[in-house]
Amino acid sequence: MPRKATTRRVVKPRRRSAEDRRRQVVAAAKRIVLREGFEALTMRRGARLAGVSAAALYLYFPDRLSLMAAVADELFHGLLAAFREALARAEGDPDPRARLHAVMTAYLDWGLSHPDEYRVIFMTPITGVAGHRAGEPGVPAAPTGQATFHALQDEVARLIALGVFREAEPQVVAEAIWAAGHGLVSLLITKPDFPWSPRETLIGTVADAICRGFSAP
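Overview of the structure. Fair warning: this is a prediction, and the values are worked out from it, not measured in the lab.

### Brief notes about the nonpolar core
At step 1: Core analysis: the largest hydrophobic core is formed by 64 residues, its most contacted members being Phe-61 and Tyr-107.
At step 2: Per-element tally for this core: the top contributor is helix H4 (residues 64–90), with 13 residues.
At step 3: Setting aside residues no more than four positions away along its own chain, Tyr-107 makes contact with Leu-79, Phe-83, Tyr-118, Phe-122, Trp-178, Gly-181, His-182 and Val-185.

Put into structure tokens, the structure is as follows:
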């Protein structure tokens, strides 16, 4: 008997949404930035690597600076996630400083585990990005970098309110704590040949010094 002809159903590929295309563009731009820095990022290169036309790229990002702002925002996502995980782990610890200690340890660990990302967002001038306001075309409405700093500042404010830290302006204290942490990370990244003490010991010592250095008398 002749075989019955079978009809094959043709499955059309899913059409990418505008948000999918935007993410694709940011991912491509991020690869350029991590390899060569922000100065190497152009709209044309970003479009070519993402596989979209230059005209399509301008639908999502009106200019190079807005694309740079989106890449910078994307680079902060990992650090913010590390902060949130650290805060969740420290929840319920009887020591009121435990949450801040966890946040600072997460900052130091993340920076040393992601040196390329750290260099880009903390050790490279990103000229012009700060001039773009949140929510402008192509610019994130709630920048992740700001959320990351606020997570630190909120912990400082909580400790001041509890009387654990001496009375001070939370933003100033948070900036001082960030500067101290950045000092260790940037030194370990840029001076790898120095005979440093064991990394875990250094991280623990700095985090402990930060948490106790602002304690109320």
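### Some remarks on helix H1 (residues 18–36)
Owing to its 3.6 residues per turn, the α-helix aligns residues three or four sequence positions apart on the same side.
At step 1: Taking 1.5 Å per residue as the helical rise, H1 with its 19 residues ought to reach 27 Å, and the 27 Å between its terminal C-alpha atoms agrees with that figure.
At step 2: Taken together, the buried positions of H1 are occupied by Asp-20, Val-25, Val-26, Ala-28, Ala-29, Ile-32 and Val-33.
At step 3: Here the buried face of H1 lies against helix H2 (43–50), helix H3 (54–60), H4 and helix H6 (115–122).
At step 4: One or two residues past the end of H1 sits Gly-37, with phi positive at roughly 95 degrees.

### A few points about the side chain of Asp-20
At step 1: Relative to the elements of secondary structure, Asp-20 occurs in helix H1.
At step 2: Of note is the side chain of Asp-20, whose polar atom sits 2.6 Å from the side chain of Arg-23.

### What about the side chain of Glu-117?
At step 1: Looking at the element boundaries, Glu-117 is found in helix H6.
At step 2: Excluding residues within four positions of it along the chain, Glu-117 makes contact with Leu-34, Leu-75 and Trp-110.

### Observations regarding the environment of Arg-99
At step 1: Tracing the chain through its elements places Arg-99 in helix H5 (residues 98–113).
At step 2: For Arg-99, a relative accessible area of 19% gives the class buried.
At step 3: Each C-alpha atom, one on Arg-99 and one on Ala-88, is 8.5 Å from the other, the two residues being eleven residues apart in sequence.
At step 4: If we skip the residues at most four places from it in the chain, Arg-99 touches Leu-87, Ala-90, Glu-91, Glu-155 and Arg-158.

Rules and cut-offs
- Residues numbered from 1 in each chain as written.
- Predicted model: local features only at pLDDT ≥ 70, side-chain atom pairs only at ≥ 80, totals over all residues.
- Heavy atoms only, no water.
- Core = buried A, V, L, I, M, F, W, Y, C linked by side-chain atoms within 4.5 Å.
- Buried < 20%, exposed > 50% of the residue type's maximum accessible area, 1.4 Å probe, protein only.
- Helix = DSSP H or I, 4+ residues; strand = E, 2+ residues; numbered from the N terminus.
- Contact = heavy atoms within 4.5 Å.
- Expected span 1.5 Å × (residues − 1).
- Polar contact = N/O pair within 3.5 Å; in protein donor to acceptor, adjacent residues only side chain to side chain.

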